[in-house]
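An overview of the molecular structure
Residues per chain, in single letters:
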Amino acid sequence: MWALDVRKLQWTLLNDGSELEVARQLAPPARKGHTLVTVDSLYCNSTGKYATAIVLFAGRVDINLYFNDVWAFFPTARRWERLDTAPAPTPHAHVTAMAPHPRDHHAAAVVGNGMYTIGGWYKYWHAFDDVWRFDLDERTWTAIQPTSAVVPQGRFLISLLPIGTDLFMFGGELGSDEPGAQANGYLNDVWAFSTTTREWIELSPSRCPRDHTSAPRPPHVPDDDDEDDGEHVVRAQGPLAKPGGGQKAKGTKG
């Protein structure tokens, strides 16, 4: 785990997650496709105090090793702690009705004392459309059943942000066996999920072209020397805005 001081532009290694720590369950195994969220106040067992924490969920090593574990890193103590009660991750990861299925490329956000996770992907399955809540005090999972008749399609590689008690989700990619996945794999819809009423509301439907590869691209402008030197530059066409005031509109006086 590293920290960047944005004022000094200096990196600091807080915890190297050594093999010994991983073997002793003192640090999470290496992975990708996980999520990190910040929690203002979380109880740290090693210090016996509440402190700011960074909570990690899920991810994978490769196509055969996915995780669904929950860890917290306390920057002040520079220590990891396992939060969930599931067994250690294995190639046949812990799967019960009391925890989300192992996954990666999901999204997570914190509302109140709960971490919500939505979507994600597992091996060659369809993308998940489920919603789970991890209670940061009780350290237990709860599957959230939406009350709305219409819910978003299963997806992964999504963006999720909390505003008040609502979660706002944008875009993502459909799973391989989701309806429309072959013709329109990417999404640009906007959804809101109320953590109080458990209702999904579609705020803006997806308007992606049927074939996302055919979207128009800016015209290519050759280099000034007109030689194929491997450098390809795309320049904007038409007049450029002038620094300090921009381009004046036609028919107006300035």
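In this text, all values refer to a predicted model and were calculated from it rather than measured experimentally.

Overall, the predicted model of the protein reaches an average pLDDT of 78, with 70% of residues at or above 70. Within the protein, strand S7 (residues 107–111) carries the highest mean pLDDT (98), whereas helix H1 (residues 19–23) carries the lowest (62). Across residues 87–95, confidence stays below pLDDT 50; counting only partners more than four residues off in sequence or on other chains, it has 18 contacts. For the stretch residues 210–254, pLDDT sits under 50, and the model shows 24 contacts to residues farther than four places along the chain or on other chains.

Further remarks concern the nonpolar core. Ranked by internal contacts, the top residues of the largest apolar core, which has 20 residues, are Leu42, Val55, Val70, Met115 and Trp141. Among the secondary structure elements, those contributing two or more residues to this core are strand S3 (35–44), strand S4 (49–62), strand S5 (65–74) and strand S9 (131–135). With five residues, S4 is the largest single contributor of residues to this core. Look past the residues within four positions of Val70 in its chain and what remains in contact with it is Val55, Leu56, Phe57, Glu81, Arg82, Leu83, Asp84, Met115, Phe134 and Trp141. By size, the runner-up hydrophobic cluster in this structure holds 14 residues, among which are Ala109, Tyr116, Val131 and Trp191.

Attention shifts here to the sheet that holds strand S6 (residues 79–82). Sheets are built from strands that pair by backbone hydrogen bonding, the pairs being arranged parallel or antiparallel. Spatially, four strands are ordered S3-S4-S5-S6 in an open sheet, and the strand pairing comes out antiparallel. For this open sheet the edge positions go to S3 and S6, each flanked by a neighbour on one side alone. Adjacent strand axes in the sheet meet at a mean angle of 35° when their direction is disregarded. Two elements, S3 and S4, share eight bridges in a ladder whose sense is antiparallel. Paired with Thr38 across the strands is Ile54, a residue of S4.

Looking now at a nonpolar patch on the surface. Among the surface-exposed residues, Trp2, Leu4, Val6, Trp11 and Leu13 lie close enough to one another that they form a single nonpolar patch of about 560 Å² accessible area. Taken together, the elements giving at least two residues each to the nonpolar patch come down to strand S1 (2–5) and strand S2 (10–13).

It is worth spelling out the environment of Thr35 at this point. Within the secondary structure, Thr35 sits in strand S3. Sequence separation between Thr35 and Gly59 is 24 residues, and the spatial gap between their C-alpha atoms is 7.5 Å. If sequence neighbours within four positions are ignored, Thr35 has contacts with Val55, Leu56, Phe57, His106, Ala107 and Ala108.

As a further point, take the sheet that holds strand S10 (residues 140–144). An order of S7-S8-S9-S10 is seen for the four strands of this open sheet, with the pairing classed as antiparallel. Two strands in the sheet have a free side with no partner beyond their single neighbour: S7 and S10. The mean inter-strand angle of the sheet, taken between neighbouring strand axes irrespective of direction, is 25°. Here S9 pairs with S10 via five bridges, running antiparallel. Considered in S10, the bridge of Arg133 is made with Thr142.

Right, let's get into the pattern of salt bridges. Counted according to the given criterion, the structure contains six salt bridges. A salt bridge links Arg103 to Asp130; the nearest nitrogen and oxygen atoms lie 2.9 Å apart. Remark: Asp130 occurs in the loop between strand S8 (114–118) and S9 and Arg103 occurs in the loop between S6 and S7; sequence separation between them is 27 residues. Across the pair, exposure class does not vary: Arg103 and Asp130 are buried alike. A salt bridge links Asp135 to Arg133, with the shortest nitrogen-to-oxygen separation between them at 3.4 Å. Across the pair, exposure class does not vary: Asp135 and Arg133 are buried alike.

Quick look at the pairing of S1 now. Across four bridges, S1 lies against S2 in antiparallel orientation. Residue Asp5 lies in a different strand from S2, and its bridge partner there is Gln10. Adjacent in sequence and paired antiparallel, S1 and S2 are bridged by four residues, among which Leu9 carries a positive phi angle near 50°.

This part covers the packing of aromatic side chains. Tallied over the full model, the rule gives eleven aromatic pairs. Summarising the aromatic geometry, the rings of Trp132 and Trp141 are spaced 6.2 Å apart at their centres and angled 90° between planes, so their arrangement reads as edge-to-face. Through a chain of ring-to-ring contacts, the aromatic side chains of Phe57, Trp132, Phe134 and Trp141 assemble into a single cluster. The ring of Phe67 carries the charged tip of Arg31 above its face, separated from the ring centre by 4.1 Å. The ring of Phe128 carries Arg103 above its face, with NZ or CZ at 4.0 Å from the centroid.

Definitions and cut-offs
- Residues numbered from 1 in each chain as written.
- Predicted model: local features only at pLDDT ≥ 70, side-chain atom pairs only at ≥ 80, totals over all residues.
- Heavy atoms only, no water.
- pLDDT = per-residue confidence, 0-100.
- Helix = DSSP H or I, 4+ residues; strand = E, 2+ residues; numbered from the N terminus.
- Contact = heavy atoms within 4.5 Å.
- Core = buried A, V, L, I, M, F, W, Y, C linked by side-chain atoms within 4.5 Å.
- Buried < 20%, exposed > 50% of the residue type's maximum accessible area, 1.4 Å probe, protein only.
- Pairing = 2+ DSSP bridges.
- Axes fitted to C-alpha atoms, helices over the stretch in contact; angles between N-to-C directions.
- Patch = residues over 30% accessible without salt bridge, like charges linked within 9 Å, V, L, I, M, F, W, Y side chains within 5 Å.
- Areas by Shrake-Rupley, 256 points an atom, 1.4 Å probe, with all protein chains shown as cover.
- Salt bridge = Lys/Arg side-chain N within 4 Å of Asp/Glu carboxyl O.
- Phe/Tyr/Trp six-rings, centres within 6.5 Å; stacked < 30°, edge-to-face > 60°.
- Lys NZ or Arg CZ within 6 Å of the ring centre and 35° of its normal.

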